[in-house]
Amino acid sequence: MAGIPGVSGEMVAAVEQAGRIFNERFGTGARSGGGHVSATQLRTLETIEEHGAPVVSALATALDMGMPSVSRVCDRLEASGWVARRPVDDDRRLIEIQLTAHGRRLLADVRHRRCEVLEEVMARMPATQQQALRRGLVAFAAAASSGGRSAARRESA
């Protein structure tokens, strides 16, 4: 790793470790009263929620997946009752994917469980560290959403 001036290797390692822990805890899917949902299925459900009722091609783009893969994931989500496919009114060749009430409950349940785990972990941290983490995560999220690696390089120059 070449490194970027102003960014310590220890900071990068700490963020990478936190990301790995987060993925171990939350990136492997989830159990719900309705069964197990895989990480890919969960990501798909969250993306559908984020984008409203996307058509399959827009969902594939948002997930950076091929159409056949997205169709297979949606087949499984529909069979579980978490999504419903509907033809678009003004172009019936297009199919939009909508969360069902069951799918919305699943996402709410997953988020609730995530929050419980995060609260348990954060309760082990002093309040000053919790606040520092919050400020750092807010800044990290803002930097990450502002343009990626090339923007970070321009800003540091």
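Residues numbered from 1 in each chain as written. Predicted model: local features only at pLDDT ≥ 70, side-chain atom pairs only at ≥ 80, totals over all residues. Heavy atoms only, no water.

> Talk me through the overall build of the protein chain; I want residue IDs and the actual numbers.
Of regular secondary structure, the protein chain possesses seven helices and four strands. Ordered by position from N to C terminus, the α and β elements of the protein chain give α-β-β-α-α-α-β-β-α-α-α. Burial status across the protein chain gives 23% buried among its 157 residues. For the protein chain, the share of sequence-separated contacts (at least 6 apart) that also reach a separation of at least 24 residues comes to 45%. Counting only carbon and sulfur atoms, one obtains 55% of the accessible surface of the protein chain, whose full area is about 10,600 Å². (Helix = DSSP H or I, 4+ residues; strand = E, 2+ residues; numbered from the N terminus. Buried < 20%, exposed > 50% of the residue type's maximum accessible area, 1.4 Å probe, protein only. Contact = heavy atoms within 4.5 Å. Areas by Shrake-Rupley, 256 points an atom, 1.4 Å probe, with all protein chains shown as cover.)

> Hey, could you go over the packing of helix 2 (residues 39-50) against helix 5 (residues 101-123) for me, with residue numbers and the actual values?
Axes are the key here: two packed helices are described by the angle between their axes and the distance separating the axes. Contact pair helix 2 / helix 5: the axes reach a minimum separation of 11 Å and the direction vectors enclose 110 degrees. Taken together, helix 2 and helix 5 sit at an angle that is classed as roughly perpendicular. The handedness of the crossing between helix 2 and helix 5 is left-handed. Contacts from Leu 42, Leu 45, Glu 46 and Glu 49 of helix 2 reach helix 5 at Leu 106, Leu 107, Val 110, Arg 111 and Arg 114. Here the residues of the contact of helix 2 with helix 5 are counted per class, giving five nonpolar, no polar and four charged. (Axes fitted to C-alpha atoms, helices over the stretch in contact; angles between N-to-C directions. Parallel < 35°, antiparallel > 145°, perpendicular 65-115°, else oblique. Left-handed = near helix turned anticlockwise from the far one by under 90°. Nonpolar A, V, L, I, M, F, W, Y, C, P; charged D, E, K, R; others polar.)

> Describe the nonpolar core, with residues and values.
Of all hydrophobic cores here, the largest spans 20 residues; its most connected members are Val 37, Leu 45, Leu 59, Val 70, Val 83 and Ile 97. If you list the elements that add at least two residues to this core, you get helix 2, helix 3 (56-63), helix 4 (67-79), strand 4 (91-99) and helix 5. Other than its neighbours up to four places away in sequence, Ile 97 contacts Ile 48, Gly 52, Ala 53, Pro 54, Val 56, Leu 59, Cys 74, Val 83, Ala 84 and Arg 85. (Core = buried A, V, L, I, M, F, W, Y, C linked by side-chain atoms within 4.5 Å.)

> I'd love a proper account of the packing of helix 2 against helix 3, names of residues and values included.
Orientation of helix 2 relative to helix 3, taken along the N-to-C sense of each, is 115 degrees, at an axis distance of 10 Å. Between helix 2 and helix 3 lies a crossing of right-handed hand. Contacts between helix 2 and helix 3 involve Arg 43, Thr 44, Thr 47 and Ile 48 from the first element and Leu 59, Ala 62 and Leu 63 from the second. Of the residues contributing to the contact of helix 2 with helix 3, the split by class is four nonpolar, two polar and one charged.

> Report on the pairing of strand 4, specifying residues and quantitative values.
Inspection of the sheet shows strand 3 (residues 83-88) paired to strand 4 by six bridges, in the antiparallel sense. When the sheet's bridge partners are listed, Arg 86 is paired in strand 4 with Glu 96. Hairpin remark: strand 3 followed by strand 4, antiparallel, with two residues in the connecting loop. (Pairing = 2+ DSSP bridges.)

> Outline a nonpolar patch on the surface, supporting the account with residue identities and numerical values.
Where nonpolar side chains cluster on the molecular surface, the patch consists of Met 11, Val 15 and Phe 140 and spans about 290 Å² of accessible area. With respect to the element layout, Met 11 can be found in helix 1 (residues 9-26). (Patch = residues over 30% accessible without salt bridge, like charges linked within 9 Å, V, L, I, M, F, W, Y side chains within 5 Å. Salt bridge = Lys/Arg side-chain N within 4 Å of Asp/Glu carboxyl O.)

> Describe the side chain of Thr 47, and please don't skip the residues or the numbers.
Looking at the element boundaries, Thr 47 is found in helix 2. In this view, Thr 47 contacts Leu 59, Ala 62 and Leu 63; residues no more than four positions away in its chain are not counted.

> Tell me what's going on with unusual backbone geometry, and back it up with residues and numbers.
Positive phi outside glycine occurs at Asp 64, with the angle close to 55 degrees. With respect to the helices and strands, Asp 64 occurs in the loop between helix 3 and helix 4.

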